[in-house]
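One-letter residues, chain by chain:
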Amino acid sequence: MTSPHDLAELAPTGTLHGGVVIAPAASAFFAVKDGQGAPHGVTVDLLRFFAAQLNLPLDLQLYDNSGEVTDAVANGTCDVGFMPQDASRAARVAFGPPYTMIESTYLVPAGSTVQRIAEIDRAGMRIVAIANTTTMRSARRTAPNASVREVPSVDEMMALASAGEGDAFALSRDAFATILPKLPGARVLPGNFQQTGIGVAVPPGRPRALAAASALLAEAKRAGVVRRALDAAGFKDTEVAP
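Described in the following lines is the structure provided in the data block. None of the values given here were measured: they were computed from a predicted structure.

This paragraph deals with the packing of helix H2 (residues 42-54) against helix H9 (residues 225-232). In helix packing, the relevant descriptors are the interaxial angle and the interaxial distance, both defined with respect to the helix axes. Orientation of H2 relative to H9, taken along the N-to-C sense of each, is 150°, at an axis distance of 8 Å. Both H2 and H9 take part in a crossing whose hand is right-handed. For the pair formed by H2 and H9, the contact residues are Val 42, Asp 45, Leu 46 and Phe 49 on the first element and Val 225, Val 226, Ala 229 and Leu 230 on the second.

Now the structure itself:
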């Protein structure tokens, strides 16, 4: 049970401010908007569960990429969020456990002769990645001979892919599952260049908040909330992290 002291640190304004990343297609991490502009997705369901368990109103704050959510949690604009974990982010926010694991790979456009991830790391190859994300940082690290163009959103990445303005588009494999049908002839390469968890995160220096958020996520796993959220988003084969 969350104590009043934990609650005061987790949601100091009395409202739980939660960060959500919106994209044109759902993933185990990305949420989408319906026709009325309301967000739906795994992270939305988890934040609603958190707020219900705490008996607090929920303020969902919507962002274009995980880097923006990282900034919002790091500076305290958001009380809690979910984001792929890496060392760069761990230096700025306090991470709890992940709710699922993801792997990053590349989509190549129609007509590409590339068959393997290793072929991306060569001079003249143009990678497109979402700015300030774990996938972007991993793409730069694992393909130092290629160029990396950073874009602010999945929408812009898809527009570039449709226009053929890039040789490899970096994103999580589960996200490509819903994006691929919108890009005729494109392919997702086998394997990955990064594996990481999508963890719950709170602002730094709030140990009670971190303990409370971690306990809430553990309860969401135990009660089947994470499983149902993944299923509802269309990811029945995606495993819940232990």
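From this point, the narrative continues.
Moving on to the pattern of salt bridges. Overall, the coordinates contain 11 salt bridges when judged by the stated rule. In this structure, the salt-bridge partner of Asp 6 is Arg 208, at a minimum N-O distance of 3.1 Å. Here Asp 6, found in helix H1 (residues 4-10), pairs with Arg 208, found in helix H8 (residues 207-222); they are 202 residues apart in sequence, far enough to count as distant. On the basis of relative accessibility, which here comes to 16%, the residue Asp 6 falls in the buried class. According to the relative accessible area criterion, Arg 208 is partly exposed, its value standing at 39%. Of the charged contacts in the structure, one is a salt bridge between Glu 150 and Arg 140, with a shortest N-O distance of 2.9 Å. One end of the pair, Glu 150, is in strand S8 (residues 147-151); the other, Arg 140, is in helix H5 (residues 134-142), and 10 residues separate them in sequence. For Arg 140, a relative accessible area of 38% gives the class partly exposed.

Conventions and cut-offs
- Residues numbered from 1 in each chain as written.
- Predicted model: local features only at pLDDT ≥ 70, side-chain atom pairs only at ≥ 80, totals over all residues.
- Heavy atoms only, no water.
- Axes fitted to C-alpha atoms, helices over the stretch in contact; angles between N-to-C directions.
- Helix = DSSP H or I, 4+ residues; strand = E, 2+ residues; numbered from the N terminus.
- Left-handed = near helix turned anticlockwise from the far one by under 90°.
- Contact = heavy atoms within 4.5 Å.
- Salt bridge = Lys/Arg side-chain N within 4 Å of Asp/Glu carboxyl O.
- Buried < 20%, exposed > 50% of the residue type's maximum accessible area, 1.4 Å probe, protein only.

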